[in-house]
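# Report on the structure
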Amino acid sequence: MNATVLVLSVFLACAVEAVEALTIVLAAGTTRGWRSPLIGTGAALAVLAVVVGALGPAVGRVPLQPLRLVVGALLLVFGLQWLRKAILRAAGHKALHDEDRIYRERAAAARTAGGGGRAFVPDWYGFTMAFKGVLLEGLEVVFIVITFGAVQGRIGLAALGAAAAVLLVTAVGLLVRAPLARVPENTLKFAVGVLLTAFGLFWSVEGTGARWPGSDLALLALVPGTLAVALVCVTALRGPREPAGTRPGSPDDPGAGS
Amino acid sequence: MNHVHNFLRFWYDFVIGDDWTVALCVALALGATALLTACHVAAWWLTPAAVVVVLAVSLRRATRSGGGTGDRTGGTGRPGGRG
């Protein structure tokens, strides 16, 4: 896998997570004041940095074949979860991910929550809301960076792709000061599900000792092949067409991303 | 004890997710691929084929049970909800 594909895959996956984390931090900051949510965000980023610092070099010492089997299998299971949900959304069996709605719900909860601080944090609720959101979304970023990076022996390059995504989303978020609802998040999730599944398949099968026909070129068939299977599933699950705009996720739904 | 349970629950949700049978089938397919490869049989096709079947079955089950997690609101029920 060349460097561009590695960086692009990690960038897309991490951009999705960064958009979700941004929504949570914005909801906390705009309703409870910015100080505590920003402290929470900083604390979560520090924890994530420690996790990457500890896991990155440790994973790098594992021999490549067992690493590919374990990491590939994890990535495959993880990717199939994304793909399964993305297909259900695109077929209208699950509501589309809507950052505006999530922002409104979290902001409403934050407004009604009680106040009170602890230690150096003036507002504990705002702190924990931002901390949990950034940490949980960030763990997925760390997982993607370490799996993609370790298998290729390029954790630094994968981290670069993740950092670019997080910085871009943060910069745009600071500019617009609103949830990034215009980001085609559902389409991105579909694409990321396809990529995670295809790369997970490639590496896990290589990890078993089997050899793909064409070696690395097999990815050129695996990615479009996975996409084709996913699109067939969407078509099959949609069933007979219903009147325009009656189902979430239908092509007639203006919010449909995929 | 509650913290341990929550910690394990988090990792279960993180890695396994809504349908544990997907993870089980992937593990079995990879095990079978490794076994056949050790016997010098070309088995690279086995896991992709298993993935197509298990994905289709999992989706069919999810649509029959109303979205798998029962979540039709787009949220995942936790701040770090995946996918």
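If you check an unreviewed UniProt entry, chain A appears there as GDT1 family protein from Streptantibioticus silvisoli.

### A closer look at the confidence of the model for chain B
All names here are of chain B. In this model, chain B carries an average pLDDT of 79, and 77% of its residues clear a pLDDT of 70 or more. Within chain B, the element-level pLDDT minimum falls on helix α1 (residues 2-15), averaging 79, and the maximum on helix α2 (residues 20-38), averaging 94. Low pLDDT, under 50, characterises residues 68-81; the stretch is placed with 31 contacts to residues that sit more than four places away or in other chains.

### Here we look at the UniProt feature "transmembrane region" (unreviewed entry) in chain B
Residue and element names in this part refer to chain B. UniProt's feature table lists "transmembrane region" (unreviewed entry) at residues 12-36 and 42-59, given in the numbering used throughout. Secondary structure across residues 12-36 comprises 84% helix and 0% strand; the distance between its end C-alpha atoms is 29 Å. Span residues 42-59 is 78% helix and 0% strand, its end C-alpha atoms 29 Å apart.

### Regarding the environment of R106 of chain A
Residues and elements named next belong to chain A. Along the chain, the position of R106 falls in helix α4 (residues 99-112). Distance in space between the C-alpha atoms of R106 and E185 is 18 Å, their sequence separation being 79 residues. Apart from the residues within four sequence positions on either side, R106 is in contact with I24 and A27.

### Notes on the UniProt feature "transmembrane region" (unreviewed entry) in chain A
According to UniProt, the "transmembrane region" (unreviewed entry) feature falls on residues 6-26, 38-59, 65-83, 134-151, 157-176, 188-205 and 217-237 of chain A. As annotated, residues 38-59 of chain A has a helix share of 100% and a strand share of 0%, and its two end C-alpha atoms lie 31 Å apart.

### Here's the deal with the interface of chain A and chain B
Contacts between the two partners involve 41 residues from chain A, matched on the other side by 37 residues from chain B. Of all the elements in the fold, those that place two or more residues in the side of chain A that touches chain B are α3 (64-90), α4, α5 (124-152), α7 (185-207) and α8 (218-238) of chain A. In the side of chain A that touches chain B, the residues fall into 24 nonpolar, seven polar and 10 charged.

Basis of the calculations
Here, residues in each chain are numbered from 1, in the same order as that chain's written sequence. A letter from A marks each chain and a number from 1 marks each ligand, given out in the order of writing. Local features are withheld for residues below a pLDDT of 70 in this predicted model, meaning they are given only at 70 or higher, and side-chain atom pairs are given and counted only at 80 or more; totals for whole chains, interfaces and linings count all residues. Scored from 0 to 100, pLDDT reflects the predictor's confidence in each residue. Strands here are runs of E lasting at least two residues and helices are runs of H or I lasting at least four, both read from the DSSP assignment and numbered beginning at the N terminus. A pair of residues counts as a contact when their C-beta atoms, built from backbone coordinates, are separated by no more than 7 Å. UniProt positions are given in the numbering used here, feature names are shortened, and annotations may be inferred rather than shown by experiment. Three classes are used: nonpolar for Ala, Val, Leu, Ile, Met, Phe, Trp, Tyr, Cys and Pro, charged for Asp, Glu, Lys and Arg, and polar for all others, with Gly counted as polar.

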